[in-house]
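If you want the building blocks of each chain, they are given just below.
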Amino acid sequence: MGKTIAIVNQKGGVGKTTSCVNLAAALTALGVRVLVCDFDPQGNATSGFGLDKSRSPSVYDVVLGDAPMSKAVISTKWGDVVPANKALSGATVELISLDRREFRLKDAIEEVKGSYDVIFIDCPPSLELLTLDGLCAADTLLVPVQCEYYALEGLSDLLYTVRLAKQRLNPALELEGVVLTMYDGRTNLSLQVAEEVKRHFPGKVYASVIPRNVRLSEAPSHGVPVSVYDPLSRGAEAYEALAREFLKKNPLTINK
């Protein structure tokens, strides 16, 4: 049975989708069965895998009950994907009147969970009903944190939402870990932010850090993970290291 991990941070531009796409691709290259559920109306994870956002059915159809998740899955060389598009932005309003509105994604994932080792949910960069659905569907959450001045600002809001979800809806939810992104070891700021994050999340911060790397920014425009766009780049090497560290922390999750 696969482990479902929500990748979440309500701040935009922290490397959330970049981490989702490239960690999934790196794990797939290591033989892990990975599904990425794009749950962000922007659909950036979908385009990051080179997929057409207009494809139907999408995750929007899945959570509204118009299609089973198995029908929405698209297989790629870098992992399977359930696509998203801007139609998902209207789902928040439409979900309000539905039964088990916080569990629509969880219920849908149950159908395919046995086919994967890891399922990543790329949550929207905001604290809304879609994000809550993602938290309710997840076993754990992975939080990318950029190594910049405002890195910890807003994390308290995220953790408050997580606590509420854990208390009222998903008591089994745990923190998978924190990934430091946009790291520049030449600057005191990155080092200071890294130490502060480690102080807030003792034992939960991955040793593998994601550097500032132009190849990571360029790869999505070509519709491929960075490991394909430039396999020798620092970004590709960082996500491979993160994938290997992830596997060491999840020996029972992966059927290898």
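Before any of the text, the structure's been laid out above.
Our subject in this report is the structure included herewith. Given the structure is predicted, the values throughout are model-derived calculations rather than measurements.

Parameters and conventions
Residues numbered from 1 in each chain as written. Predicted model: local features only at pLDDT ≥ 70, side-chain atom pairs only at ≥ 80, totals over all residues. Heavy atoms only, no water. Helix = DSSP H or I, 4+ residues; strand = E, 2+ residues; numbered from the N terminus. Rg over C-alpha atoms; globule rule 2.2 N^0.38 Å. Buried < 20%, exposed > 50% of the residue type's maximum accessible area, 1.4 Å probe, protein only. Contact = heavy atoms within 4.5 Å. Areas by Shrake-Rupley, 256 points an atom, 1.4 Å probe, with all protein chains shown as cover. Pairing = 2+ DSSP bridges. Salt bridge = Lys/Arg side-chain N within 4 Å of Asp/Glu carboxyl O.

Right, let's get into the overall build of the chain. Each helix and strand in the chain was counted, giving twelve helices and seven strands. Over its C-alpha trace the chain gives a radius of gyration of 17 Å, about what one expects of a compact globule, namely 18 Å for 256 residues. Counting across all 256 residues of the chain, residues that qualify as buried make up 57%. In the chain, 78% of the contacts between residues at least 6 apart in sequence involve partners at least 24 apart. Element-wise, carbon and sulfur atoms account for 52% of the exposed surface of the chain, whose accessible area totals about 11200 Å².

With that settled, the discussion passes to the pairing of strand β1 (residues 3–7). The buried fraction of β1 is high, at five of five residues. In β1, alternate side chains face the same way, and those of Lys3, Ile5 and Ile7 on one face and Thr4 and Ala6 on the other are all buried. Of the strand pairs in this sheet, β1 and strand β5 (residues 118–122) are connected by five bridges, and their pairing is parallel. Bridge pairing links Ile5 to Phe120 in β5. With three bridges joining them, β1 and strand β6 (residues 140–146) adopt parallel strand pairing.

Now for the environment of Glu237. Structurally, Glu237 can be placed in helix α12 (residues 234–249). What makes Glu237 partly exposed here is its relative accessible area of 46%. Each C-alpha atom of the pair Glu237 and Leu98 lies 44 Å from the other, and the pair is 139 residues apart in sequence.

A separate point is the pattern of salt bridges. Applying the stated criterion across every chain yields a total of 14 salt bridges. Among the ionic pairs, Arg101 bridges to Glu102, the shortest N-O distance being 3.5 Å. Its relative accessible area of 18% is what places Glu102 among the buried residues. Ionic pairing is found between Asp184 and Arg186, a salt bridge with its closest N-O pair at 3.0 Å. With a relative accessible area of 17%, Asp184 lands in the buried category.

Such coordinate-based values are descriptive only and should not be taken to indicate function.
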